[in-house]
Amino acid sequence: MECEKSYKGIAGSDGIGIGRAALITEPKISYEQSSALTAEDETKRFDAAVEALIEKTNAMAEDMRKSVGEKEAEILMGHSLMLSDPAMTDEVRGIIAQGLTSEAAAEQVFETFAAMFEATGDELTMQRAADLRDVKTGIIKTLQGIEDVDIASLPKGSVIVVSDLTPSMTAGINKDNIEGIVTEMGGRTSHSAILARALEIPAVLSVEGVTAKIKSGVRLIVDGIRGEVIEDPTAEQQAEYAEQKADYAKRKKELEKLIGEPTVTADGDRVELVCNIGKPDDCAAVIEKDGEGVGLFRTEFLYMDSKQKPDEAEQFEAYKKAAMTLKNKPVIIRTLDVGGDKDIPYLGLEKEENPFMGFRAVRYCLKNEELYRDQLRALLRASAFGNIKIMIPLVTCVEEVRGVKAVIKDLMSELDREGTAYDKDIEVGVMVETPAAAAIADLLAEEADFFSIGTNDLTGYTMCADRGNANVAYLYSAFQPAVLRSIKRIIECGNKKGIPVGMCGEAAADPRLIPLLISFGLSEYSVSPTAVLATRAEIRKWTKAEADKVAEKVMKCAAESDVLAVLDENKK
Ligand code: PEP
Ligand code: MG
């Protein structure tokens, strides 16, 4: 009897996989709390385990570097660094000295740190908690002599079903044998998602209780595009998904032909197609996917990745690396956007009633000038090594732009006095992502060298709808007439003043929006590296006259549903 079931999850890595479930379960680990050894011998036991694990992790990182890439290997190198971090290991030794086993001491210390990171509720910081737990399990397994699950030997056509796909597990994946990955944990920015995307294996994450529901050997379809897993599919479903899988592969091949082609409309008008990144290492993906530069470097990742705020020297190296990797291509670096959904625990931001409307981004930076000066000095110094532009987040009034420019001017005089090189003509742009900025876009255009529309925030603030709130999710749409009018107005104001206008929110990669953006006159699209080629393909389909026709109809629509219907009827 066929009994197909489906499970919803987060689309973690694009593509369709069809295969049989390989359920990976970790062995139950049990150990004594009190050590029978002397503290000295127990410490030796712990140190030997750490040393062995560092060696093993480094070897896995090396394999990963060869088989997948530098960026992915760095995740494992990060584990190695955690193991070498005396802040952690000394604490473990301290607890061993009180008579506990190495296992119990490691559990206590790593769990305390992990829980602290987890409590932030921020997806990226929470990922660090997952890494700490991965390292902790590694230490305990090494102490107990428990071997890792051998993912490398899974047969062709396997779909990995696992509670959480840890980086140490991923190191063994033979990508030719794995059709898909299904996990109970992790979001789009979790390391399991990053690794699955790097390996180009379809993945659906955060499927509740999946390891208890799916048995090894059962047939599965992994729809990494829609975030769905189908268990025991019917013959029709198998045929339908096999066709979708073939279409996906064909489209991917087709898109690859656009590498090296210009981003032009069907009339031949050139626009810029750049990328959103979070770390200098992401520049490798920008180059690989033929991005024409960086339209948004979210610098908060540099802050989130360390236990204390990165100093000027560290930031300088990071910005310089991005600028140099991309040679003379533009690299727009956004100054620190902290607060709201982006908490950085060590900055000690106070809990606020309405953090999204509170003390964040440029507001915070202008009040914490010392921290801001470090970042701006690093940016200015790095500008001597490439084509860096500075972008200010969450602007609501001209005073903020003037305030930032005054700090920059002061820093330039400081650098002149020191004889330190920087780009004297560095551009300073404004992120237009609040209704206030949209309303005064004409005035801001007088102050800014460029605009970049942040549709993620602009949509939320314009519609007064928190994107994390399922009850108001129907309002959170860039296709709402209120948001579209705002986007159109911002572009018009920028164009009137003759400054470039880009878009770096997620909407820039939505193919449905592209005819409207062409019609409004957007000059730069900033999307994730994986969306570059699909965006280029869509832009190349439209002439300005065709796009204008669609835009004219859309801008007459009163309801979002009508907007979507018009776009659907006219899609190419
Ligand atoms: C935006 O708000 O559209 C944006 C690009 O910034 P972030 O998503 O980092 O808030
Ligand atoms: Mg934003």
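Residues numbered from 1 in each chain as written. Chains lettered and ligands numbered in written order. Predicted model: local features only at pLDDT ≥ 70, side-chain atom pairs only at ≥ 80, totals over all residues. Heavy atoms only, no water.

## Let's talk about the pairing of strand 5 (residues 178-183)
Here is step 1 of the chain: Counting buried positions along strand 5 gives 6 out of 6 residues, so the element sits mostly inside the fold.
Here is step 2 of the chain: Where strand 4 (residues 158-162) and strand 5 come together, 5 bridges link them in parallel fashion. Counterpart to Val-162 in the pairing with strand 5 is Thr-183.
Here is step 3 of the chain: Inspection of the sheet shows strand 5 paired to strand 6 (residues 203-205) by 2 bridges, in the parallel sense. Of the residues in strand 6, the one forming a bridge with Ile-181 is Ala-203. (Buried < 20%, exposed > 50% of the residue type's maximum accessible area, 1.4 Å probe, protein only. Helix = DSSP H or I, 4+ residues; strand = E, 2+ residues; numbered from the N terminus. Pairing = 2+ DSSP bridges.)

## Section: the coordination of the magnesium ion (ligand 2)
Here is step 1 of the chain: Only Glu-433 (OE) and Asp-457 (OD) from the protein reach the magnesium ion (ligand 2) as donors, at distances of 2.1 Å. Placement of Glu-433 in the loop between strand 13 (428-432) and helix 16 (435-439) and of Asp-457 in helix 18 (residues 455-463) is noted, with a sequence separation of 24 residues between them.
Here is step 2 of the chain: Look at Glu-433 and you get buried, because its relative accessible area is 2%. (Donors = N, O, S within 2.8 Å, 3.2 Å for Na, K, Ca; no water.)

## Some thoughts on the sheet that holds strand 15 (residues 501-503)
The strands that make up a sheet are held in pairs by hydrogen bonds between backbone atoms, and each pair lies either parallel or antiparallel.
Here is step 1 of the chain: Pairing is parallel in the closed barrel, where 8 strands are placed in the order 9-10-11-12-13-14-15-16. The average undirected angle you get between the axes of adjacent strands in this sheet is 30°.
Here is step 2 of the chain: Sheet topology note: the strand 12 (residues 387-392)/strand 13 ladder contains 3 bridges and is parallel. Looking at strand 13, one finds that Ile-390 is bridged to Val-428. (Axes fitted to C-alpha atoms, helices over the stretch in contact; angles between N-to-C directions.)

## Section: the side chain of Ser-158
Here is step 1 of the chain: Mapping Ser-158 onto the fold places it in strand 4.
Here is step 2 of the chain: With relative accessibility at 4%, the residue Ser-158 sits in the buried group.
Here is step 3 of the chain: For Ser-158, the residues in contact, after removing those within four places along its chain, are Arg-20, Ala-22, Asn-177, Ile-178, Glu-179 and Gly-180. (Contact = heavy atoms within 4.5 Å.)

## Concerning the packing of aromatic side chains
Here is step 1 of the chain: Summed over the entire model, instances satisfying the criterion amount to 3 aromatic pairs.
Here is step 2 of the chain: Residue placement shows Lys-320 over the ring face of Phe-385; its charged tip is 4.6 Å from the ring centre.
Here is step 3 of the chain: The side chain of Arg-381 reaches across the aromatic face of Phe-316, ending 4.0 Å from its centre. (Phe/Tyr/Trp six-rings, centres within 6.5 Å; stacked < 30°, edge-to-face > 60°. Lys NZ or Arg CZ within 6 Å of the ring centre and 35° of its normal.)

## A short note on the pairing of strand 7 (residues 219-223)
Here is step 1 of the chain: The element strand 7 is extensively covered by neighbouring structure, given that 4 of its 5 residues are classed as buried.
Here is step 2 of the chain: Across 5 bridges, strand 3 (residues 16-24) lies against strand 7 in antiparallel orientation. Residue Gly-17 lies in a different strand from strand 7, and its bridge partner there is Val-222.
Here is step 3 of the chain: Where strand 7 meets strand 8 (residues 228-231), 4 bridges bridge the pair, whose relative direction is antiparallel. Considered in strand 8, the bridge of Val-222 is made with Val-229.

## Brief notes about the domain arrangement of the protein
Here is step 1 of the chain: Taken as a whole, the protein is organised into domain 1 (6-26 + 150-255), domain 2 (39-144) and domain 3 (271-542).
Here is step 2 of the chain: Placing a centre on the C-alpha atoms of domain 1 and another on those of domain 2 gives a separation of 27 Å.
Here is step 3 of the chain: Each side of the interface is counted separately: domain 1 has 15 residues, and domain 2 has 16 residues.
Here is step 4 of the chain: Summed over both partners, the interface of domain 1 with domain 2 comes to about 1300 Å²; 64% of that surface belongs to carbon and sulfur atoms.
Here is step 5 of the chain: Our count for the contact surface shared by domain 1 and domain 2 stands at 0 residue pairs in polar contact (both at pLDDT 80 or more).
Here is step 6 of the chain: Listed by contribution, the elements that provide at least two residues to the side of domain 1 that touches domain 2 are helix 6 (167-170) and helix 7 (191-199). (Domains from an automatic or database assignment. Buried area = accessible area lost by both parts, 1.4 Å probe. Polar contact = N/O pair within 3.5 Å; in protein donor to acceptor, adjacent residues only side chain to side chain.)

## Details of the packing of helix 14 (residues 369-382) against helix 15 (residues 398-418)
Here is step 1 of the chain: It is the contact of helix 14 with helix 15, at a shortest axis distance of 10 Å, that shows an interaxial angle of 60°. The orientation of helix 14 relative to helix 15 falls into the category oblique. Helix 14 and helix 15 meet at a crossing whose hand is right-handed. Judged by residue contacts, Glu-369, Tyr-372, Arg-373, Leu-376, Arg-377, Leu-380 and Arg-381 of helix 14 engage Val-404, Val-407, Ile-408, Asp-410, Leu-411, Met-412, Glu-414, Leu-415 and Glu-418 from helix 15.
Here is step 2 of the chain: Along the lines of polarity and charge, the residues of the contact of helix 14 with helix 15 split into 9 nonpolar, no polar and 7 charged. (Parallel < 35°, antiparallel > 145°, perpendicular 65-115°, else oblique. Left-handed = near helix turned anticlockwise from the far one by under 90°. Nonpolar A, V, L, I, M, F, W, Y, C, P; charged D, E, K, R; others polar.)

## A closer look at the environment of Ala-438
Here is step 1 of the chain: Secondary-structure assignment places Ala-438 in helix 16.
Here is step 2 of the chain: Judged by relative accessible area, which is 5%, Ala-438 ranks as buried.
Here is step 3 of the chain: Residues Ala-438 and Arg-489, 51 residues apart in the sequence, show an inter-C-alpha distance of 7.3 Å.
Here is step 4 of the chain: Look past the residues within four positions of Ala-438 in its chain and what remains in contact with it is Val-432, Ser-486, Arg-489 and Ile-490.

## Quick notes on the environment of Ala-565
Here is step 1 of the chain: If you trace the backbone, Ala-565 turns up in helix 23 (residues 560-569).
Here is step 2 of the chain: By relative accessible area, which is 34% here, Ala-565 ends up partly exposed.
Here is step 3 of the chain: A C-alpha to C-alpha distance of 9.1 Å links Ala-565 and Val-554, two positions 11 residues apart in sequence.

## Structural notes on the packing of helix 9 (residues 235-256) against helix 21 (residues 532-541)
Here is step 1 of the chain: Packing of helix 9 against helix 21 brings their axes to within 9 Å, and their N-to-C directions diverge by 75°. Viewed along their axes, helix 9 and helix 21 adopt a mutual orientation that is roughly perpendicular. Packed against helix 9, whose contacting residues are Arg-251, Leu-255 and Glu-256, the element helix 21 presents Leu-533, Ala-534 and Ala-537 at the interface.
Here is step 2 of the chain: Class assignment of the residues belonging to the contact of helix 9 with helix 21 gives a composition of 4 nonpolar, no polar and 2 charged.

## Side note on the pattern of salt bridges
Here is step 1 of the chain: Per the stated rule, a full pass over the model turns up 40 salt bridges.
Here is step 2 of the chain: Note that Arg-65 is salt-bridged to Glu-62, the shortest N-O span being 2.9 Å. Taken together, the residues Arg-65 and Glu-62, both in helix 1 (residues 39-67) and 3 residues apart, mark about one turn of the helix.
Here is step 3 of the chain: Relative accessible area serves as the criterion here: at 27%, Arg-65 is assigned to the partly exposed category.
Here is step 4 of the chain: The class of Glu-62 is partly exposed, set by a relative accessible area of 34%.
Here is step 5 of the chain: The partner of Lys-136 in a salt bridge is Glu-107, with the nearest N and O atoms 3.4 Å apart. Of the two residues, Lys-136 sits in helix 5 (residues 123-144) while Glu-107 sits in helix 4 (residues 102-118), which places them 29 residues apart along the sequence.
Here is step 6 of the chain: Residue classification places Lys-136 among the buried positions, given a relative accessible area of 9%.
Here is step 7 of the chain: Exposure remark for Glu-107: the relative accessible area of 25% places this residue in the partly exposed category.
Here is step 8 of the chain: Among the charged side chains, a network of salt bridges with common partners joins Glu-312, Glu-369, Arg-373, Arg-377, Arg-381, Asp-410, Glu-414 and Glu-418. (Salt bridge = Lys/Arg side-chain N within 4 Å of Asp/Glu carboxyl O.)

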